[in-house]
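Chain residues, written in single-letter form:
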Amino acid sequence: MTAASIAKDLRAAIRSGTYNPGDRLPSEAALMSNYGVARMTARHGLSMLKDEGLTVTRHGSGVFVRTFEPIIRDTTGAAVDDSTVTAEVDETGAGLTVRTLAVTAEADPPEKVRTALGLAEGDKVTVRERLHLRERKPVLFATSYLPASVAAGTPIAAQDVGPGGTHARLTEAGHAPVRFREDVVGRMPTIEEIEELRIEPGTPVLSVTRTAFTQDGTPVEVSYVVLDAGEFMLRYDVEG
């Protein structure tokens, strides 16, 4: 009996409902006895399920079937402004709280930001860094860049951006975002992202680059959003 065979049996038991979300799986000792295998084989079988995202390990308690209650990041009705709390509340009742980590009124933009916003050499940007938490667990990290010519001197450059978030302030300033483009990439996290989101190494993340445009096509914000892939489902409407 191989570790892969043990993982296959346990996977089938999870999918059939023999083990439900939150249930504890057999221990390494139980698997050793049931399958007549060495401890390392049993451990590897359990590890394979963890790598697939089907289980979680609670130190001192055992291995449990993972409960997946995704936060639905819904962009089908209106554009998501990741600076607001209400934008990340969905029908699952998963409300998020937002912690503003840092705000810089004027900074030199990275080259990719300069290109995305169509800025000239010497132009500055306003930078907002935010962390979203679900019941004190970080699930989303976002950094937004806006032309300082638009944002500096407004509440966008303040710690508290005010009701409605960044997009509401842009609208008040005559730069209403009306079109958005999102590029989504699934990847493994950096060391910094592992620490920021408090996820285990090997847990994938979703990297979203969102650019907001005004009616005349001028980019007014580019945001780099990193989400814990184990916490989110992204929803889009595609018309054809």
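Residues numbered from 1 in each chain as written. Predicted model: local features only at pLDDT ≥ 70, side-chain atom pairs only at ≥ 80, totals over all residues. Heavy atoms only, no water.

The name given to the protein in an unreviewed UniProt entry is GntR family transcriptional regulator, and the organism recorded there is Promicromonospora aerolata.

Asker: Hey, could you run me through the pattern of salt bridges in this one?
Answerer: Side chains that carry opposite charge are capable of pairing whenever their charged atoms lie near each other. The tally for this structure, following the rule as stated, stands at eleven salt bridges. Put simply, Glu182 and Arg73 hold a salt bridge, and the shortest N to O gap is 3.2 Å. Here the residue Glu182 occupies a position in strand β7 (residues 179-187), and Arg73 occupies one in strand β3 (residues 71-74), the gap between them amounting to 109 residues. Here Arg73 falls in the buried class, since its relative accessible area comes to 1%. A salt bridge links Lys137 to Asp228; the nearest nitrogen and oxygen atoms lie 3.2 Å apart. Residue Lys137 is located in strand β6 (residues 137-147), and its partner Asp228 is located in strand β9 (residues 219-228); the two are separated by 91 residues in the primary sequence. Taken together, the shared-partner salt bridges in this structure form one network comprising Glu28, Arg39 and Arg43. (Salt bridge = Lys/Arg side-chain N within 4 Å of Asp/Glu carboxyl O. Helix = DSSP H or I, 4+ residues; strand = E, 2+ residues; numbered from the N terminus. Buried < 20%, exposed > 50% of the residue type's maximum accessible area, 1.4 Å probe, protein only.)

Asker: Mind showing me how you'd approach the nonpolar core here?
Answerer: General note: in soluble globular proteins, nonpolar side chains tend to be found buried as a group. Ile6, Ala7, Leu10, Ile14, Leu25, Leu31, Val37, Ala42, Leu46, Leu49, Val63 and Val65 form the largest nonpolar core, which has twelve residues in total. Sorting the residues of this core by element identifies α1 (3-16), α3 (39-51) and β2 (62-65) as the ones contributing at least two each. Here this core takes four residues from α1, the largest share from any one element. Val139, Leu140, Leu227 and Leu234 belong to the second largest nonpolar core, which has eleven residues in total. (Core = buried A, V, L, I, M, F, W, Y, C linked by side-chain atoms within 4.5 Å.)

Asker: It is not clear to me how the confidence of the model for the protein should be interpreted in this structure. Could you clarify?
Answerer: For residues with low pLDDT, the predicted coordinates do not support detailed interpretation. Per-residue confidence for the protein gives a mean pLDDT of 88, with 91% of residues at or over 70. Contacts of residues 84-93 to residues separated by more than four positions or lying in other chains number 28 contacts, the stretch itself having pLDDT below 50. (pLDDT = per-residue confidence, 0-100. Contact = heavy atoms within 4.5 Å.)

Asker: Honestly, helix α6 (residues 165-172) in this entry has me stumped. Any pointers?
Answerer: An α-helical turn contains 3.6 residues, so any two residues separated by three or four positions project in the same direction. If you check which residues of α6 are buried, you get Gly165, Thr166, His167, Arg169 and Leu170. At its buried positions, α6 is contacted by β5 (125-134), β6, α5 (148-151), β7 and β9. Downstream of α6 by one or two residues, Gly174 has phi in the positive range, about 85°.

Asker: Teacher, can you tell me more about the sheet that holds β5 here?
Answerer: The strands making up a sheet associate through backbone hydrogen bonding, with each pair oriented either parallel or antiparallel. Taking strand neighbours across the sheet as the criterion, the six strands line up as β4-β5-β6-β9-β8-β7 in an open arrangement whose pairing is antiparallel. One side of each edge strand has no neighbouring strand; the edge strands of this open sheet are β4 (97-107) and β7. Neighbour-to-neighbour, the strand axes of this sheet turn through a mean angle of 15°, independent of strand direction. In terms of strand pairing, β6 meets β9 through six bridges, oriented antiparallel. Bridging across to β9, Ala142 finds its partner in Val225. (Pairing = 2+ DSSP bridges. Axes fitted to C-alpha atoms, helices over the stretch in contact; angles between N-to-C directions.)

Asker: Sorry if this is basic, but what is going on with the environment of Ala107 here?
Answerer: Inspection of the secondary structure puts Ala107 in strand β4. Sequence separation between Ala107 and Gly122 is 15 residues, and the spatial gap between their C-alpha atoms is 9.9 Å. Among all residues touching Ala107, those that are not within four sequence positions of it are Lys124, Val125 and Val127.

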